[in-house]
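# Topology and contacts: notes
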Amino acid sequence: MRLPMIVDERFAARTARELVSAAKVPDLGELEALVAGMKDNALTAQDLVLDSFLLAPAHADDVRTRLAAGTVLVLDQVGWVKANAQSVNGMVDEAALPAPVTPATAKGAAVEVAGVLSLLSTRVLGQFDPFAEEAGRLMFVAPAVLIAEEAMNVDARDFRMWVALHEATHQVQFATAPWLREHMRSLLSGVVSTRVRMPGVGGIVDLFATVGRILKGEASLVDLIRDEEMRAALDEATAILSLLEGHADVVMDEVGAGVIPSVRRLRRKFEARRDAGQGGFLSNLLGMDLKLAQYRDGAKFVRAVRRKVGQKGFSRVYDEPANLPSTAEIHEPELWLDRVHG
């Protein structure tokens, strides 16, 4: 691991212990069953999702090898905060930062990261993290899962598998396109390391303070970035996230229809949850404001492309960076079809 770290991971966890709301903790037997069940769900979901990609046998074998190298974690809130501090360190190229990182700035960044993530720690159910480890980590936040299934009054077994399907889709996306990790890292490293000026504060600490304002609806990251290259990177990253999230929604509904009896009810409940401002972790962290409409736009793109060229034709989005759709193409799939399929 690089030294010094952009974010002091231990200090982020220590800060999170002071900030996160205490969640209801089940008894030991129920907790052990939840952890084991979520890990089993993740493995089952990987197989179901991979089958839906309709990859050629040799490619599918390569993807299975990459999936097997990944990690599945079931965490509490503090563990999740620390894991995402590690993810930020894996995402950001220290050389791209506008100022040198010192132990003091790493601790300052840890405070800001912990503050932002603590707001999300009871809302983010699961997450695929491609940055902290080369093979990626599939993570579930146990307290958040328990809170959500109780609040939405849904079947626990169905809900946990549904969450696993969504996050496993992201894992399979990155395993299918191993270049995607570095491509996203190159885009997001610049965005995260951009200095957003606020009086008396600078560098990475300032960015996460600004993200805290974004989460409260007081600011927009894209409005605060003046560098046109960074704005373009943010726009490209948003289009990719719309694709990835929309594709995951399509997969979780289609695959879920065969293994989750209450999948339609779960979709209605979950969309209401998203309408309340509880989107994906990465879009929240970066202040991309990826709302329900953009998930739907991504899903519409996937469905429109597959109607024209089928699943195998759609899968060309994962062949190389040039095949990823732009924001304009997400809204008008015919543009992507003309460009990629001719």
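Here we summarise the structure given alongside this text. (Residues numbered from 1 in each chain as written. Predicted model: local features only at pLDDT ≥ 70, side-chain atom pairs only at ≥ 80, totals over all residues. Heavy atoms only, no water.)

## Looking at the overall build of the protein chain
Regarding its fold elements, the protein chain presents 16 helices and 3 strands. Put simply, the protein chain has 342 residues, and 55% of those count as buried. Taking contacts inside the protein chain between residues at least 6 apart in sequence as the whole, the part at least 24 apart equals 78%. Accessible surface for the protein chain amounts to roughly 14,900 Å². Of this, 53% is attributable to carbon and sulfur atoms. (Helix = DSSP H or I, 4+ residues; strand = E, 2+ residues; numbered from the N terminus. Buried < 20%, exposed > 50% of the residue type's maximum accessible area, 1.4 Å probe, protein only. Contact = heavy atoms within 4.5 Å. Areas by Shrake-Rupley, 256 points an atom, 1.4 Å probe, with all protein chains shown as cover.)

## Considerations on the pattern of salt bridges
Under the criterion given, the structure shown has 12 salt bridges. Notably, a salt bridge pairs E254 with R306, separated by 2.4 Å at the nearest N-O pair. Taken as a pair, E254 in helix α11 (residues 228-259) and R306 in helix α14 (residues 292-314) lie far apart in primary sequence, 52 residues in all. We classify E254 as partly exposed; its relative accessible area is 45%. Bridged by salt links that share partners, the residues D51, D61 and R64 form one connected network. (Salt bridge = Lys/Arg side-chain N within 4 Å of Asp/Glu carboxyl O.)

## Some remarks on the packing of helix α2 (residues 28-52) against helix α3 (residues 57-69)
Between two packed helices, both the angle of their axes relative to each other and the distance between the axes serve to describe the pair. Axis separation between α2 and α3 bottoms out at 11 Å; the angle between their running directions is 155°. When the interaxial angle is binned, α2 and α3 end up roughly antiparallel. The way α2 lies across α3 gives a crossing that is right-handed. Across from Q46, L50 and D51 in α2, the residues of α3 making contact are A60, V63, R64 and L67. In terms of residue class, the contact of α2 with α3 is made up of 4 nonpolar, 1 polar and 2 charged. (Axes fitted to C-alpha atoms, helices over the stretch in contact; angles between N-to-C directions. Parallel < 35°, antiparallel > 145°, perpendicular 65-115°, else oblique. Left-handed = near helix turned anticlockwise from the far one by under 90°. Nonpolar A, V, L, I, M, F, W, Y, C, P; charged D, E, K, R; others polar.)

## Examining the nonpolar core
Of all hydrophobic cores here, the largest spans 93 residues; its most connected members are V7, W80, F140, F159 and F301. Ignoring sequence-local partners within four residues, the contact set of F301 consists of L243, F314, V317, P325, E329, I330, P333 and W336. (Core = buried A, V, L, I, M, F, W, Y, C linked by side-chain atoms within 4.5 Å.)

## What about helix α6 (residues 142-152)?
Most of α6 is tucked away: 8 of the 11 residues are buried. Residues of α6 that are buried include every one of A142, P143, A144, V145, L146, A148, E149 and M152, and no others. Backbone geometry just after α6 places N153 at a positive phi near 55°.

## So, the environment of A110
Considering the arrangement of structural elements, one finds A110 in helix α5 (residues 103-120). Its relative accessible area of 0% is what places A110 among the buried residues. The contact partners of A110, leaving out residues within four places of it in the chain, are V7, D8, F11 and A12.

## Focus: a positive patch on the surface
A cluster of basic side chains, namely R10, R14, R17 and K82, defines a positive patch on the protein surface. Broken down by element, the positive patch gets its largest block of residues, 3 residues, from helix α1 (residues 9-19). Along the chain, K82 turns up in helix α4 (residues 77-91). For K82, a relative accessible area of 31% translates into the label partly exposed. (Patch = residues over 30% accessible without salt bridge, like charges linked within 9 Å, V, L, I, M, F, W, Y side chains within 5 Å. Lys, Arg positive; Asp, Glu negative; His and termini not counted. Charge placed at Lys NZ, Arg CZ, Asp CG, Glu CD.)

## Here we look at the environment of A68
Mapping A68 onto the fold places it in helix α3. Look at A68 and you get exposed, because its relative accessible area is 64%. Residues A68 and L43, spaced 25 residues apart in sequence, show a C-alpha to C-alpha distance of 9.3 Å.

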